[in-house]
Amino acid sequence: MQVLVFIDHVDGHIKKASLEAASYGAKIAEQTGGTAEAVVLGNPADIDSLGKQGIKKLYQLQHDNLQAIDSQVYTKILEQVVQKAGSQVIVFSNNSTGKAIAPRLAVRLQAGLVSGAVALPDTSNGFTVRKNVFSGKAFAQVSVTSDIKIIALNPNSFSITEGDGATEIVPFEATVDAPKIKVTGSTKTSGKVALTEADVVVSAGRGLKGPENWKMVEELADLLGAALACSRPVADANWRPHNEHVGQTGIAIAPNLYIAIGISGAIQHLAGVNRSKVIVVVNKDAEAPFFKAADYGIVGDAFEVVPKIIDAVKKIKGIS
Amino acid sequence: MKILVCISKTPDTTAKIAFTDNNTKFAEAGVQWILNPYDEWYALVRAIELKEKDASSVIHLVNVGGTDAEPIIRKALALGGDEAIRINVTPTDPFTVATQLAEVAKQGGYDLILTGKETIDYNNGSVGGMLAEMLDIPYVALATNLQIDGTTATVKREIEGGEETVEVSLPIVISAQKGMAEARIPNMRGIMAARSKPLKVVEPVQVEPLAKAVEFGLPPAKAGVKLVSPDNVEELVRLLHEEARII
Ligand SMILES: Cc1cc2nc3c(=O)[nH]c(=O)nc-3n(C[C@H](O)[C@H](O)[C@H](O)COP(=O)(O)OP(=O)(O)OC[C@H]3O[C@@H](n4cnc5c(N)ncnc54)[C@H](O)[C@@H]3O)c2cc1C
C-alpha cells in the first residue's frame, strides 16, 4: 500500500513522535508491498535523514501561511498531497498536531481513522489496527473499511528504526488558504523534556506533602533526562502545573521508565501510566495499590529514598 | 452568544473493564455511568462561566445516545445547560457521532461549540475535529483556557512541551481539557430546575461507520513487583541499569 507519513516539527527539528510515525509507516509499506512517502510543511533541518526511517520520498511545502498550525489550512494541503501521491494509508503521530488534523482529514477524504494506534495493522483479514481504550486498561482491534485509511500512532508505541536509506525531497506546490488561527504567544513547561515524548518520567504525588519538596524530584528528573509528572490532587492543589497531571483525566503516557514517588496508585492514576514499560514505585505504605502495577518497588520514606536514588544514579553515571 | 456543548456518557472511572459476546462488546452489566469528565468538568463548566459573564448567552447540550443517556443529560442541565437535544441512536464511532452532531450544529447556528478532549472509554479524541470539518470552521484541540471578547476567542492549547496562545474568530469548535475550568457540583436549585428544562429528542440521519472496534482485549498482567530494601537503593539503580537497561 502507498503510505504517507505526516512529519511534525518544532524549533527547526522533526519531533521524535514523527520519527516513530515514519518508522511505523515504512514498516506498513514494506509489509504490504508499497512505498513509504512523507510530507512536511515547513523546513526542519533534519529532513534529509528521514531515509534512515525508510521514507523514500518527502513532499515538502514551504509557505508563509504555515506559521500557525491551523488544522483547516493543513487539512486542505494534505488532501492535495494525498491526491497527488495516491496515498492509501496516512500516518500521523497522535500528538497535539495529529489530534487537531487527523480527524479533519478523515472527514475530508471519507477515510476511516484509528486514533491512538499502538501496533502495526493486521492485513491478514481486512485491515485492523490495535488501539488503546479505557485509558490503557484495555485495547481494541479497529477495523477500517474505507479505501483510504488514517492511523494516528500513539507516541512511544513504536521504536525508531535507523537504516541507511536515502530520501528524495520533492518540492510541492499547493493552494494554501490564509490561516484563521493566529498564534500570539507560547510558553514552555517547567521540564526540559516533553511529557508525551519522554523516555523516562519522574512523577510524584501527595506523599511529598507540599510543593516546596519537589527539588529532589526535579533533580532526579534532570539527572535522568526525564520529564516531570504528578498525580491529580497535586495539580488540583496547584503544587504543580496542570499539564503535568497524568492519569485517566490527565495526560496518558507510555515511557520506557516511570518512577512514581509518593503516589498511591489509584485506578484513575494507573489508567494513564500503566502502558509504561517499566514502573518503579517508592511509597512508604507497603499496601499502596501501586505496588501491584509496579516492576520494581521500594517500601520507604521518599525523603530518605529519593536522595539515595540520586546519589546512586550519579555514581553509575560517573558524576560526583 | 449561542453555545453548544457536546456531552457523552461513559463508564465510571472505577468501573470494571470486561468484555462479552466473544470479546466484541463492553460488559455493561453493573456498570455505573457518568457524564464524561472532560465534557463535564471542562467544556460544560467553561460554558457556564461564560454565560455567567454574559447573561444573554444560551447553552444547548447535545448528546448522541439512547434513553439510557437521559440521566447524564439531566445532570448537565442541573449544572447549568439551558436546554438539551438527544439524537436518538446508540453511538458506535466518532465519525457517525460527528455526523449526527453536525446536523444539530448546522440548524442551531452556534457561535461556540465545545467538546471534551476525548471520552475516557474509547479515547479517540476525534469528534471535535470531525465536527469542525463538517461545519467547515476552525478547530482548536486540547484547549486549557478560553476567553471570549466579542467575536474573538483567545485560546490556550497544549503543544508538545508547552502551551500556545492563539486568536481565532467565532464560530469555532474547541476541545477542552484540564486547566479550562474548575469542576462543579450541581446544587439543589439546579437539580430541581433541570427537571423542567426542555430535552428534545430528534431522530438520527443515516450514516455508516468507516472504522469500528471489532474486538477487545485486556493487557497481560504484570509479572509482579521486585522489592528492593530502602537500605540498598544502589541495587535498584543497578537493576534498572543492568536488568531493565534503562538507566
Ligand atoms: C473521576 C475521577 C478521575 C480521576 N482522574 C485522575 C487522574 O487522571 N490522575 C490521578 O492521578 N488521579 C485521578 N483521580 C484521583 C485518584 O482517585 C486519586 O485520588 C489520586 O490519584 C491520588 O493521588 P496521590 O496518589 O498523589 O495521593 P494519595 O492518594 O493521598 O496518596 C499519597 C501516597 O503517598 C504515600 N506517602 C505519603 N508520605 C510518603 C512519604 N514520605 N514517602 C513515600 N510515600 C509517601 C502514601 O502512602 C500514599 O500512598 C481521579 C478521581 C476521580 C474520581
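Residues numbered from 1 in each chain as written. Chains lettered and ligands numbered in written order. Predicted model: local features only at pLDDT ≥ 70, side-chain atom pairs only at ≥ 80, totals over all residues. Heavy atoms only, no water.

Engineer: Hey, could you run me through the overall build of chain A in this one?
Structural biologist: Secondary structure summary: chain A contains seven helices and 17 strands in total. Over its C-alpha atoms chain A spans a radius of gyration of 21 Å, differing by no more than 12% from the 20 Å that the globule rule assigns to 320 residues. The principal-axis extents of the C-alpha atoms in chain A amount to approximately 60 × 45 × 40 Å. A fraction of 66% describes how many contacts in chain A between residues 6 or more apart in sequence connect residues 24 or more apart. For chain A, the accessible area works out to roughly 12000 Å², and carbon and sulfur atoms hold 48% of it. Charged side chains in chain A number 32 positive and 31 negative. The centres of these two groups are separated by 4 Å. (Helix = DSSP H or I, 4+ residues; strand = E, 2+ residues; numbered from the N terminus. Rg over C-alpha atoms; globule rule 2.2 N^0.38 Å. Contact = heavy atoms within 4.5 Å. Areas by Shrake-Rupley, 256 points an atom, 1.4 Å probe, with all protein chains shown as cover. Lys, Arg positive; Asp, Glu negative; His and termini not counted. Charge placed at Lys NZ, Arg CZ, Asp CG, Glu CD.)

Engineer: Teacher, can you tell me more about the interface of chain A and chain B here?
Structural biologist: By a widespread convention, an interface's size corresponds to the accessible area lost as its parts come together. With 89 residues of chain A in contact, the opposing surface of chain B contributes 77 residues. The largest share of the area that chain A buries against chain B comes from A:R104, A:F134 and A:Y296, three residues that together contribute 11% of it. Summed over the shared surface of chain A and chain B, the number is seven salt bridges. For B:K222, the salt bridge goes to A:D295, with nearest N and O atoms at 2.7 Å. Our enumeration of links across chain A and chain B arrives at 39 residue pairs in polar contact (both at pLDDT 80 or more). Tallied by class, the residues present in the side of chain A that touches chain B amount to 36 nonpolar, 33 polar and 20 charged. Where strand β12 (residues 182-188) of chain A and strand β11 (residues 162-169) of chain B come together, six bridges link them in antiparallel fashion. Residue pairing in the sheet places A:G185 in a bridge with B:T165 of β11(B). (Buried area = accessible area lost by both parts, 1.4 Å probe. Salt bridge = Lys/Arg side-chain N within 4 Å of Asp/Glu carboxyl O. Polar contact = N/O pair within 3.5 Å; in protein donor to acceptor, adjacent residues only side chain to side chain. Nonpolar A, V, L, I, M, F, W, Y, C, P; charged D, E, K, R; others polar. Pairing = 2+ DSSP bridges.)

Engineer: Just to check I follow, could you spell out empty space enclosed by the protein for this structure?
Structural biologist: A water-sized probe rolled over the atoms picks out the places where empty space is left. As enumerated under the stated definition, the model contains six cavities of 30 Å³ or more in all. Each pocket or cavity is described by its volume, and for the largest cavity that value is around 400 Å³. Lining the largest cavity are 29 residues, and of these A:N94, A:K99, A:N154, A:A252 and B:E118 sit closest to its centre. Its residues placed into classes, the lining of the largest cavity shows six nonpolar, 16 polar and seven charged. When residues of the lining of the largest cavity are sorted by domain, at least three fall in each of domain 1 (3-171) and domain 2 (195-317) of chain A. (1 Å grid on protein atoms, 1.4 Å probe; cavity = no way out; pocket = protein on both sides within 12 Å on 5 of 7 lines; lining within 4 Å. Points joined across faces, edges and corners; volume = space filled by probe spheres on them. Domains from an automatic or database assignment.)

Engineer: Please explain the packing of helix α7 (residues 302-317) of chain A against helix α6 (residues 233-242) of chain B as it appears in this structure.
Structural biologist: Packed helices, taken two at a time, are described by the angle their axes make and the gap between the axes. Interaxial distance between α7(A) and α6(B) falls to 8 Å at its minimum, and their mutual angle equals 50°. Relative to α6(B), the element α7(A) is oriented oblique. Regarding α7(A) and α6(B), the two cross each other, and that crossing is right-handed. Residue-level inspection shows A:V305, A:K308, A:I309, A:A312, A:V313, A:K315 and A:I316 of α7(A) in contact with α6(B), the latter providing B:V233, B:E234, B:L236, B:V237, B:R238 and B:H241. (Axes fitted to C-alpha atoms, helices over the stretch in contact; angles between N-to-C directions. Parallel < 35°, antiparallel > 145°, perpendicular 65-115°, else oblique. Left-handed = near helix turned anticlockwise from the far one by under 90°.)

Engineer: Please clarify how the site of the ligand should be interpreted in this entry.
Structural biologist: Around the ligand sit 28 residues, and of these A:S231, A:T249, A:S264, A:Q268 and A:H269 come closest. Chain contributions to the surroundings of the ligand come from chains A and B. Contact distances for the ligand include 3.0 Å between an oxygen atom and a backbone N or O atom of A:Q248. Between the ligand and A:A302 there is a distance of 2.8 Å, counted from a nitrogen atom to a backbone nitrogen or oxygen. When the ligand is considered free in solution it has 980 Å² of accessible area, and contact with the protein chains removes 81% of it. Of all the elements in the fold, those that place two or more residues in the shell around the ligand are α5 (232-236), α6 (267-273) and α7 of chain A. Grouping the amino acids of the shell around the ligand by side-chain chemistry returns seven nonpolar, 15 polar and six charged. (Near = heavy atom within 4 Å.)

Engineer: What should I look at first to understand the sheet that holds strand β15 (residues 226-227) of chain B in this one?
Structural biologist: As a general point, the strands of a sheet are linked pairwise by backbone hydrogen bonds and lie either parallel or antiparallel. Across the sheet, which stays open at both edges, the six strands sit in the order β14(A)-β13(A)-β15(A)-β16(A)-β17(A)-β15(B) with parallel pairing between neighbours. The open sheet has two edge strands, β14 (227-230) of chain A together with β15 of chain B, and neither has a second partner. As defined by bridge partners, strand β13 (residues 200-204) of chain A adjoins strand β15 (residues 257-261) of chain A across five bridges and the pair is classed as parallel. Among the inter-strand pairings, A:V201 is bridged to a residue of β15(A), identified as A:Y258. The strands touched by α7(A) within the sheet are β15, β16 (278-283) and β17 (296-299) of chain A, with β16(A) carrying the most contacts at an inclination of about 135°. Here α6(B) sits on the sheet in contact with β15, β16 and β17 of chain A together with β15 of chain B, set at roughly 170° to β17(A).

Engineer: Quick question: what am I supposed to make of the domain arrangement of chain A here?
Structural biologist: Residues and elements named next belong to chain A. When its domains are assigned, chain A resolves into domain 1 (3-171) and domain 2 (195-317). Summarising the inter-unit geometry, the C-alpha centres of domain 1 and domain 2 are found 31 Å apart. With twelve residues of domain 1 at the interface, the matching set in domain 2 holds 13 residues. Between domain 1 and domain 2 lies a buried interface of about 990 Å² when both sides are counted; carbon and sulfur atoms form 36% of it. Contact with domain 2 buries surface across domain 1, with S135, K137 and N156 losing the most and accounting together for 54% of the total. On the surface where domain 1 and domain 2 come into contact, there are one salt bridge. K16 is the partner of D199 in a salt bridge, and the nearest nitrogen-oxygen pair spans 3.2 Å.

Engineer: Quick question: what am I supposed to make of the nonpolar core here?
Structural biologist: The nonpolar side chains of a soluble globular protein tend to be buried with one another. Counting residues in hydrophobic clusters, the biggest one holds 57 residues, and the most contacted among them are A:I77, A:F92, A:I150 and B:I113. For B:I113, the residues in contact, after removing those within four places along its chain, are B:L4, B:C6, B:A105, B:L131, B:L135, B:I172, B:V173 and B:I174. By size, the runner-up hydrophobic cluster in this structure holds 41 residues, among which are B:Y38, B:L44, B:I48 and B:A69. (Core = buried A, V, L, I, M, F, W, Y, C linked by side-chain atoms within 4.5 Å. Buried < 20%, exposed > 50% of the residue type's maximum accessible area, 1.4 Å probe, protein only.)

Engineer: What is the right way to read the confidence of the model for chain B from this model?
Structural biologist: Any segment with low pLDDT has predicted coordinates that should not be analysed in fine detail. For chain B, mean pLDDT is 96; residues scoring 70 or higher make up 100% of the total. Scoring the predicted complex yields pTM 0.95 and, for the interface, ipTM 0.96. (pLDDT = per-residue confidence, 0-100.)

Engineer: How should the packing of helix α2 (residues 70-79) of chain B against helix α5 (residues 188-196) of chain B be read in this particular structure?
Structural biologist: Residues and elements named next belong to chain B. In the contact formed by α2 and α5, the axes pass within 7 Å of each other and the chain directions differ by 120°. Between α2 and α5, the crossing angle belongs to the class labelled oblique. The handedness of the crossing between α2 and α5 is right-handed. Of α5, the residues touching α2 (which contributes R74, L77 and A78) are G190, I191, A194 and R195. In the contact of α2 with α5, the residues fall into four nonpolar, one polar and two charged.

Engineer: Help me understand the layout of surface pockets in this model?
Structural biologist: If you add up the space inside the second largest pocket, you get close to 830 Å³. What lines the second largest pocket is a set of 27 residues, among which A:G136, A:K137, A:N274, B:P219 and B:P220 lie closest to the centre. Mapped onto the lining of the second largest pocket, the elements with two or more residues apiece are β8 (128-133), β9 (138-144) and α6 of chain A. Of all the elements, α6(A) adds the most residues to the lining of the second largest pocket, at three residues. Within the lining of the second largest pocket, the residues separate by chemical class into 14 nonpolar, six polar and seven charged.

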